[in-house]
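Tertiary structure, described
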Amino acid sequence: MVRAVEDAYLALAGGESDNPRKLSVAHPDGWSVAYAMLGRDGRRRVVAMKTSYKFDPSHDRSTKRYYTTITLYDDATGMPIAMMDCARVGAVRTPAASALLVRETVRPGARSVLLIGTGTQGRHALPHLLAANPQLDRLTVYGTHEEGLKAVHDQLAGFRPDLELRTVADPRAAAGEADVVLATAGPGTAVALESADLAPGSVAVLVGYGLAPSTLHDADRVIATSAEQMTLTGTDMAGPDGDLRGVDAELPQILARRAVGRRTAQDRVFVYNSGLVLTDIAVAHALAERAIEEGRGTEVRLWD
């Protein structure tokens with residue numbers, strides 16, 4: 001999955017693919033938000049449309065509703081390939097992108113990680129992170145849901161049973177000793193680490209919630225999967241003046257070696273992982289090909 005996501009970014013950097021800005025509509029009181037995304041993967045010759053809708057009136061797991069789909073079309077034959085539930089795809093492509101972001105921004109000699117959050121993204125974060133960064137072996141996690149903590153521990157044990165994952169009670173103290181902070185918590189979290197909580201030379205990756213705006217605005221360097229997407233979905237990280245700090249480099253350009261992720265070992269690097277539909281396409285197409293080969297799913301004749 002990490003390789004598929006990296007290939008998608010490299011194709012975008014090479015001008016082979018298209019990833020237009022996503023469209024969004026939100027309830028004025030913040031009850032719901034919906035997105036529509038279109039993309040073309042030039043290497044796979046696949047065009048796809050993804051939609052997502054989240055209903056979350058009280059920021060509580062018991063009332064949250066989230067639905068997302070992706071439809072793939074073969075751009076070589078003009079035929080539809082598959083319509084899929086995109087939740088599994090998103091659960092994989094986002095931590096795969098985080099793993100690449102860390103690989104390109106982590107300081108030399110880094111070993112320690114703090115994971116904040118134990119939801120879907122938190123559960124998948126560490127296996128993908130370690131697939132791209134095997135040197136990271138001092139692992140800690142903070143969460144408030146016992147079943148989520150157990151799921152994170154179980155997920156890692158299935159991938160790397162040789163590594164110990166330590167649960168911490170104080171995320172701020174743990175952040176001060178971490179080379180990498182992965183903030184994957186949900187909007188209801190009480191954690192909002194400030195820049196002063198982060199260790200010199202650390203990299204902080206924002207996937208969901210868990211970091212305060214100061215971690216962006218005080219950073220020595222800001223990296224994003226897409227600067228344009230960050231301006232759309234990262235508005236909650238605006239500073240006191242309402243402005244959102246600009247991005248120094250984007251991941252596709254870093255992977256293509258046209259930009260650098262880190263300049264010095266002491267830099268505090270802020271990373272914004274907003275996800276691009278091209279990574280959804282790469283993961284969804286890989287899963288669809290395997291599913292079709294194994295005879296899974298339901299074949300439906302929609303067009304003659």
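This one's a predicted model, so the numbers in the text were calculated from it and none came from an experiment.

Overview of the packing of helix 1 (residues 2-13) against helix 2 (residues 87-105)
Taken N-terminus to C-terminus, the directions of helix 1 and helix 2 make an angle of 75°; their axes are 9 Å apart at the nearest point. Between helix 1 and helix 2, the interaxial angle falls into the category roughly perpendicular. On helix 2, the residues touching Val2, Val5, Glu6 and Tyr9 of helix 1 are Arg93, Ala96, Ala97, Leu100 and Arg103. Along the lines of polarity and charge, the residues of the contact of helix 1 with helix 2 split into 6 nonpolar, no polar and 3 charged.

Describing the packing of aromatic side chains
Throughout the structure, instances matching the rule amount to 0 aromatic pairs. The ring of tyrosine 35 has lysine 22 lying over it, and the distance from NZ or CZ to the ring centre is 4.8 Å.

Describing the domain arrangement of the chain
Annotation of the chain at the domain level lists domain 1 (1-89 + 278-294) and domain 2 (91-275). Every contact between the two is made by 25 residues of domain 1 and, on the other side, 29 residues of domain 2. At the boundary of domain 1 with domain 2, the tally comes to 2 salt bridges. In this structure, the salt-bridge partner of glutamate 6 is arginine 103, at a minimum N-O distance of 2.8 Å. The tally of links between domain 1 and domain 2 comes to 9 residue pairs in polar contact (both at pLDDT 80 or more). Those elements that place two or more of their residues in the side of domain 1 that touches domain 2 are helix 1, helix 2 and helix 9 (277-293). Residue contributions to the side of domain 1 that touches domain 2 peak at 7 residues, all from helix 1.

Describing the pattern of salt bridges
Tallying each qualifying case throughout the model produces 16 salt bridges. With a shortest N-O distance of 3.2 Å, aspartate 280 and lysine 50 are connected by a salt bridge. Taken together, the residues aspartate 280 in helix 9 and lysine 50 in strand 3 (residues 46-55) connect sequence positions 230 residues apart. Within the structure, one salt-bridge network assembled from shared partners comprises Glu6, Arg103, Glu104 and Arg257.

Digging into the environment of leucine 126
As for its placement among the helices and strands, leucine 126 is situated in helix 3 (residues 120-132). Residue classification places leucine 126 among the buried positions, given a relative accessible area of 1%. Put simply, leucine 126 and serine 32 are 94 residues apart on the chain and 29 Å apart in space, counted from C-alpha to C-alpha. With near-sequence residues (within four places) excluded, leucine 126 lies in contact with Val113, Leu115, Val152, Leu156 and Leu165.

A look at unusual backbone geometry
The phi angle at arginine 45 is positive, at roughly 55°, despite the residue not being glycine. For arginine 257, which is not glycine, the phi dihedral falls at a positive 65°. The exposure class assigned to arginine 257 is exposed, which follows from its relative accessible area of 56%.

Here's the deal with the sheet that holds strand 11 (residues 221-224)
The sheet built from 8 strands is open, its strands ordered 8-7-6-9-10-13-11-12 with parallel pairing. Of all strands in the sheet, those with a lone pairing partner are strand 8 (165-167) and strand 12 (249-250), marking the two edges. Note: strand 9 (residues 180-183) against strand 10 (residues 203-206), 4 bridges, orientation parallel. Among the inter-strand pairings, leucine 182 is bridged to a residue of strand 10, identified as valine 205. Those strands touched by helix 3 are strand 6 (112-116), strand 7 (138-142), strand 8 and strand 9, and its axis lies near 160° from that of strand 6.

Criteria and cut-off values
- Residues numbered from 1 in each chain as written.
- Predicted model: local features only at pLDDT ≥ 70, side-chain atom pairs only at ≥ 80, totals over all residues.
- Heavy atoms only, no water.
- Axes fitted to C-alpha atoms, helices over the stretch in contact; angles between N-to-C directions.
- Helix = DSSP H or I, 4+ residues; strand = E, 2+ residues; numbered from the N terminus.
- Parallel < 35°, antiparallel > 145°, perpendicular 65-115°, else oblique.
- Contact = heavy atoms within 4.5 Å.
- Nonpolar A, V, L, I, M, F, W, Y, C, P; charged D, E, K, R; others polar.
- Phe/Tyr/Trp six-rings, centres within 6.5 Å; stacked < 30°, edge-to-face > 60°.
- Lys NZ or Arg CZ within 6 Å of the ring centre and 35° of its normal.
- Domains from an automatic or database assignment.
- Salt bridge = Lys/Arg side-chain N within 4 Å of Asp/Glu carboxyl O.
- Polar contact = N/O pair within 3.5 Å; in protein donor to acceptor, adjacent residues only side chain to side chain.
- Buried < 20%, exposed > 50% of the residue type's maximum accessible area, 1.4 Å probe, protein only.
- Pairing = 2+ DSSP bridges.

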